[in-house]
Amino acid sequence: MTRQQFRLAEGGRIDRDRPLSFRFNGRAYQGYAGDTLASALLANGVHLVGRSFKYHRPRGIFSAGAEEPNAIIQLETGTRSQPDLRATQVELYEGLRAKSVNCWPSVRFDLAAINSRLAPLFPAGFYYKTFMWPGRAWHLYEAVIRRMAGLGVAPTGPDPDRYEKTHIHADVLVAGGGPAGLAAALAAARAGARVILADEQSAFGGQLLGNGESVDGKPGAEWAAAAAAELVDLPDATLLPRTTVIGYFDDNYLTLCERVTDHLGPAAPPELPRQRLWKVRARHVVLATGAHERPLVFQGNDRPGVMLASAAQSYVNRYAVRPGRRAVLCANNDSAYRAALDLQEAGVEIAAIADLRPAPDGAGVEAARAQGIEVLPGQAVVATQGGRHLTGVEIAPLSEDGNALAGPSSTEKCDLLCVSGAWNPAVHLFSQSRGKLRYDEGLACFVPGRSVQAERSAGACNGRFALADCLAEGHAAGTAAAAAAGHGDDSGPVPKAEAEPVGAIRAVPCVPSRSGRANKHFLDLQNDVTAADVALAAREGYRSVEHTKRYTTLGMGTDQGKTSNVTGLSVLAAALGRPVPEVGTTTFRPPYTPVTFGTIAGRDVGDLADPARMTPMHHWHVQVGAVFEDVGQWKRPYCYPRQGESKREAVDRECLAVRNAVGILDASTLGKIDIQGPDARKLLNMVYTNAWNKLEVGRCRYGLMLGEDGMIFDDGVTSRLAEDRYLMTTTTGNAARVLEWLEEWLQTEWPDWRVYCTSVTEQFATMTICGPKARDLLAELVDGLDLDPAAFPFMSWRAAAVAGVPARIFKISFTGENSYEINVPANYGMAVWSAIMNAGEKYGITPFGTEAMHVLRAEKGFIMVGQETDGTITPHDLGMDWAVSKTKDFLGKRSLARADTTRAGRKQLVGLLTEAADAVLPEGGQIVSELARKPPMDMIGHVTSSYYSAALGRSIALALIKGGRDRGGETVHVPLLDGSSIAATVTEPRFYDSEGERLRG
Amino acid sequence: MFLIQCPWCGPRDETEFGYGGEAHIARPAGPETLSDADWADYVFMRKNPKGVHLERWVHRHGCRRWFNMARDTYTHQVLGVYQMGEPPPGPEGGDG
Ligand SMILES: [Zn+2]
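All of these numbers come straight from a predicted model, not from anything done at the bench.

**Brief notes about the overall build of chain A**
In terms of regular secondary structure, chain A is built from 25 helices and 49 strands. Its C-alpha atoms give chain A principal-axis dimensions of roughly 115 × 70 × 55 Å. Of all 1001 residues assigned to chain A, the portion counted as buried reaches 59%. Long-range contacts, defined here as pairs at least 24 residues apart, represent 66% of the contacts in chain A between residues at least 6 apart. Within the structure as shown, chain A displays about 39,900 Å² of accessible surface, and the carbon and sulfur contribution to it stands at 52%. Between the mean site of the 106 positive side-chain charges and the mean site of the 113 negative ones, chain A shows a separation of 4 Å.

Put into structure tokens, the structure is as follows:
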């Protein structure tokens, strides 16, 4: 285990009494509680953390926060593993194990680094130009690229952790707990508002935790702790540390990701969730998301040892880590000087500060000079030296326009280069809220412009970087938000900080190199996009930043270009010779930082992923060993295999039992809608294709429902229960849709009709007994009901007690056998089912599942909505004109006379009998009339239903074939994936008892 | 996610609602008298404006009532809700 040779002896927000062991890329290290993985690595002198996406150049820790483009790691292994985390945000815990995601076989010796030597072969649009053509080979290239590019690996096993969701309303949601956010939350909460304050870090304070500034005369971190403590004591404030506001949606709906126990690692208490997704509806939002320091673009700016100045400052102040021994700073603004002073105080030798500005003169500049730091005005770092780590830099004066070097360069030895190109407000959430961004020339960045939602930006994210301004704006925003939410403005005093004059910045989009080339000037460190790539895209005609992004992959990595978007845009604007605002900005999309799928899914996984609906007889089915299938949300028995029986054998046995004796089916899942009212019949006449005027009480009728486009969307039997009352049945999967369809028409088109529709699907248990013995069986269970077909004919229903339970018995059939659908109140379902099973034993009663039902109905040529129909099929296509009224109007009728629905050559329902009796066609199989040696072949239709029929001793199929009704007797072919094919003869779509004698019995 | 003002239930999350397309399209009387083109216009053709759109919504997981909404498809702003059968409110009234 290496010692922490870069750790300072004192200071920082780390606990030296709690050393933590961890492993990175297989090597053991030690850090302290309070470290991030990144700070602990730096304490051990580890800068090299990954290889870049395209050229596999060595990359080091670049930032100290969410914007990190390089230090992307895979945390832990196995089912708890998480890919693509930023080491700068991963809190250290005992036993942590992580590895770089983007290097193979190792971070120090990387075969793919040969790409780096081949850089000229990888220009902008490389992937599009090279690998997208010829298209057929893309899958070959992709495997290689993915392996080399690597990013993280998603775990394959089930996630062992628990994730929660919380839905909550707030008066004021404050995103970000730095000085502005704390001031806003304090002001709003003091005024009495219900406040949620969320910050992605483990402690509140933001930059105050790392930059040593003071508030109200106290050290910033101390003030932040006191402010957080006051908020905890206020009754209506909720503080959420380790919580990132990841999305800002319409009507002030925001999502927050709270990492509840990630920082505890394996020591996390099992009763706590790993992460929690907060869904917040807020009256007002205060965005206090801070800013990201902007890099500078110069040759070799990607070498490990190059770091944002503010990050270096954070590492020394917050984590007590020296990120180097001898540093050069390169800056175009004042903020880097404070970093230089803090680094110097921590014992880092400051070799020089190259300041792009010709005459820097702010307070920070003077303080640095007073400390003996050499300031080089009008100069910049123009190249870096070193291999896997920085060894030195070249510094040269810039010309007045910044486009050329104005003199020879000098070399400065250093192992740390701190860069600062000023600041980019973190406008991501503002942009997600659909607020309009405005380009600020002076700050050379985008700032929030016009708000669209009830939201205010405060502090650095609003382009106000000085601490005093952050506090004042935060306080004002919190006060205003509370007032707008209906609270007073008694928000307490404004926190104060010393105002310090800040000098202007000098924006130079791309620092020139001696060679004039810019192919090592990296804009996007994660995706390896250089200034030369963007310039090439501009030369090739790309004008829109959105297109340029996709062409060059600028900003398309897991960091979403937090450090590269604005610099890239400036380089593009310069290349196009247009001002930045004209070139535009890119859209920021949620999530702000990546979120694991587990958090989004929450508890909606496994059994809770979707509600399971079960019939009253479900447990009986389970007990007798039924195999289930999902039909919508319902669990339905597919078949009931006996010991040693295959599913196919079980289905065959069940079918034969229905044809030869009696079967019983749990049909409770069919949709049932009770329709009442004087206009009920009128409604049926409009929603069904056939006429309902003459249906008497006690009778049942089959009907087809069409959309207004004339296409079948449901079918079912509806029975007249009383003068003004009907019971409609729907297919299992469409029950809710049909009810909504009825309600829609009644409410929107016929509001004056007096009809009431009520779903009663779950109020009844439905069991269907069918087969030649069904009538004898039922006779044993009912009292005083004449079952003679003359008294109780096919397509009628009777009320009677079955096994002593009041029931409605519908004599309708979906199997072609004499059949009774017995409906009893759901709570009596199991009792009646048992009574039927007991009485049926001597008849050989056999429970059958959905598959046998399908086979039996297909033998009869009865259609299944969703199999024989797919939203493009009319009644005529199915040969069901008998069910379509010629005289009355109904929904969809007019469409049946459209040119397209009446044309010749539409697909029509036919039967198919394979030449080999035991060959079962694949459902969905394409049908051709002439076989070719290989595709393409002229496809004339497809198989819609296909089964082996035990009753017929051969396979049967239904199909939709162009002009199929005129093709009787023709031989067609169904080509299979393996190159073989099955030949079949076109027949009538009916295979069994086509006269329908059996079902009247 | 929108916060939608159901005329019957008050403000509710968008996930409780279903979308029903363009509003104020009456089913023509006597469809058999229409040309194919006129019928197709009724069945298939819908406005897709950038701006104010009058549309139907249903409070599916609530009171199950249909109602109309004026919504700006560009800004996502809900300009108002009104009941079935009522004319659209405000300046866009009569736009149909
Ligand atoms: Zn409602």
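On we go.
**Let's talk about unusual backbone geometry**
Of the consecutive residues Pro 590 of chain A and Pro 591 of chain A, the connecting peptide bond is found in the cis state with omega at -5 degrees. With respect to the secondary-structure elements, Pro 591 of chain A resides in the loop between helix 16 (580-583) and helix 17 (597-601). In this structure, Arg 64 of chain B is a non-glycine residue whose phi angle is positive, near 60 degrees. For Arg 64 of chain B, the location among the structural elements is in the loop between strand 4 (52-58) and strand 5 (66-72). Judged by relative accessible area, which is 23%, Arg 64 of chain B ranks as partly exposed.

**Quick word on the interface of chain B and chain A**
Interface size, as often reported, equals the accessible area lost upon joining of the parts. Listed as interface residues are 26 residues of chain B and, on the opposing side, 27 residues of chain A. Contact with chain A buries surface across chain B, with Met 1, Arg 27 and Arg 64 of chain B losing the most and accounting together for 29% of the total. For Asp 13 of chain B, the salt bridge identified is with Arg 281 of chain A, shortest N-O distance 2.6 Å. On inspection of chain B and its partner chain A, the count reaches 21 residue pairs in polar contact (both at pLDDT 80 or more). Every element with two or more residues in the side of chain B that touches chain A is listed here: helix 1 (36-44) and strand 4 of chain B. Classifying every residue of the side of chain B that touches chain A gives 15 nonpolar, three polar and eight charged.

**Observations concerning the pairing of strand 26 (residues 437-440) of chain A**
Residue and element names in this part refer to chain A. Taken together, the four bridges between strand 26 and strand 27 (residues 445-448) define a ladder with antiparallel strand orientation. Within strand 27, the position partnered with Leu 437 by the bridge is Pro 448. Hairpin geometry of strand 26 and strand 27 is characterised by an intervening segment of four residues between the two adjacent antiparallel strands and by a positive phi of about 55 degrees at Ala 444.

**Observations regarding the pattern of salt bridges**
Residue and element names in this part refer to chain A. For the coordinates displayed, the defined rule picks out 55 salt bridges over all chains. With its nearest N and O atoms 2.9 Å apart, the salt bridge here joins Glu 868 to Arg 857. One end of the pair, Glu 868, is in the loop between helix 24 (850-860) and helix 25 (899-902); the other, Arg 857, is in helix 24, and 11 residues separate them in sequence. Just as Glu 868 is buried, Arg 857 falls in that class too. The structure contains a network of salt bridges with shared partners spanning Arg 57, Arg 59, Asp 302 and Asp 528.

**Regarding the coordination of the zinc ion**
Residues and elements named next belong to chain B. The protein atoms donating to the zinc ion are Cys 6 (SG), Cys 9 (SG), His 59 (ND1) and Cys 63 (SG), with metal-donor distances spanning 2.0 to 2.3 Å. Classification of the site at the zinc ion as tetrahedral follows from its four donor atoms and the range of 105 to 117 degrees in their angles at the metal. Mapped onto the sequence, the donors of the zinc ion take the spacing C-x2-C-x49-H-x3-C. On the criterion of sequence distance, the pair formed by Cys 6 in strand 1 (residues 3-6) and Cys 63 in the loop between strand 4 and strand 5 is long-range, its members being 57 residues apart.

**Structural notes on helix 1 of chain B**
Taken together, the buried positions of helix 1 of chain B are Trp 39, Ala 40, Tyr 42 and Val 43 of chain B. In a view along the axis of helix 1 of chain B, the buried residues occupy a sector of 160 degrees, so they form one face of it. Against the buried residues of helix 1 of chain B lie helix 21 (735-748) of chain A.

**Considering the domain arrangement of chain A**
In terms of domain boundaries, chain A breaks down into domain 1 (15-124), domain 2 (163-291 + 425-484), domain 3 (296-420), domain 4 (517-577), domain 5 (671-762) and domain 6 (857-883 + 897-1000). Centre-to-centre, using C-alpha coordinates, domain 3 of chain A lies 78 Å away from domain 5 of chain A.

**Considerations on the confidence of the model for chain A**
A residue-level look at chain A finds 95% of positions with pLDDT of 70 or above and a mean pLDDT of 93. Of the regions scoring below 50 in pLDDT, residues 131-144 of chain A engages in nine contacts with residues more than four places distant in sequence or in other chains.

**Digging into the environment of Phe 890 of chain A**
Mapping Phe 890 of chain A onto the fold places it in the loop between helix 24 and helix 25. On the accessibility criterion, Phe 890 of chain A (0% relative accessible area) is buried. Placed 599 residues apart in sequence, Phe 890 of chain A and Ala 291 of chain A show a C-alpha to C-alpha distance of 63 Å. Excluding anything up to four places from it in sequence, Phe 890 of chain A contacts Asn 685, Met 686, Tyr 688, Thr 689, Leu 706, Val 884, Ser 885 and Leu 896 of chain A together with Arg 27 of chain B.

**Some details on the pairing of strand 3 (residues 48-51) of chain A**
For a regular strand, side-chain orientation follows a simple rule: the groups alternate between the two sheet faces. Residues and elements named next belong to chain A. In this structure, strand 3 lies alongside strand 4 (residues 58-60), joined through three bridges in antiparallel fashion. Paired with Arg 51 across the bridge in strand 4 is Pro 58. In sequence, strand 3 turns back onto strand 4 through a hairpin of six residues, with His 56 there showing a positive phi of about 55 degrees.

**So, the packing of aromatic side chains**
Overall, the coordinates contain 20 aromatic pairs over all chains when judged by the stated rule. With centroids separated by 6.2 Å and ring planes inclined at 10 degrees, the aromatic side chains of Phe 814 of chain A and Phe 862 of chain A adopt a geometry described as stacked. In this pair, Phe 814 of chain A sits in the loop between strand 41 (805-811) and strand 42 (819-825) while Phe 862 of chain A sits in the loop between helix 24 and helix 25, placing the two residues 48 residues apart along the sequence. Taking relative accessible area as the criterion, Phe 862 of chain A reaches 25% and is therefore assigned partly exposed. An aromatic cluster is built from Phe 713, Trp 741, Trp 745, Trp 750 and Trp 753 of chain A, whose rings are joined through pairwise contacts. Over the ring of Trp 8 of chain B we find Arg 65 of chain B; its NZ or CZ atom is 3.9 Å from the centre of that ring.

Procedures and definitions
- Residues numbered from 1 in each chain as written.
- Chains lettered and ligands numbered in written order.
- Predicted model: local features only at pLDDT ≥ 70, side-chain atom pairs only at ≥ 80, totals over all residues.
- Heavy atoms only, no water.
- Helix = DSSP H or I, 4+ residues; strand = E, 2+ residues; numbered from the N terminus.
- Buried < 20%, exposed > 50% of the residue type's maximum accessible area, 1.4 Å probe, protein only.
- Contact = heavy atoms within 4.5 Å.
- Areas by Shrake-Rupley, 256 points an atom, 1.4 Å probe, with all protein chains shown as cover.
- Lys, Arg positive; Asp, Glu negative; His and termini not counted.
- Charge placed at Lys NZ, Arg CZ, Asp CG, Glu CD.
- Buried area = accessible area lost by both parts, 1.4 Å probe.
- Salt bridge = Lys/Arg side-chain N within 4 Å of Asp/Glu carboxyl O.
- Polar contact = N/O pair within 3.5 Å; in protein donor to acceptor, adjacent residues only side chain to side chain.
- Nonpolar A, V, L, I, M, F, W, Y, C, P; charged D, E, K, R; others polar.
- Pairing = 2+ DSSP bridges.
- Donors = N, O, S within 2.8 Å, 3.2 Å for Na, K, Ca; no water.
- Tetrahedral: all angles 85-135°; square planar, octahedral: opposite > 155°, others 65-115°.
- Arc of directions from axis to C-beta.
- Domains from an automatic or database assignment.
- pLDDT = per-residue confidence, 0-100.
- Phe/Tyr/Trp six-rings, centres within 6.5 Å; stacked < 30°, edge-to-face > 60°.
- Lys NZ or Arg CZ within 6 Å of the ring centre and 35° of its normal.

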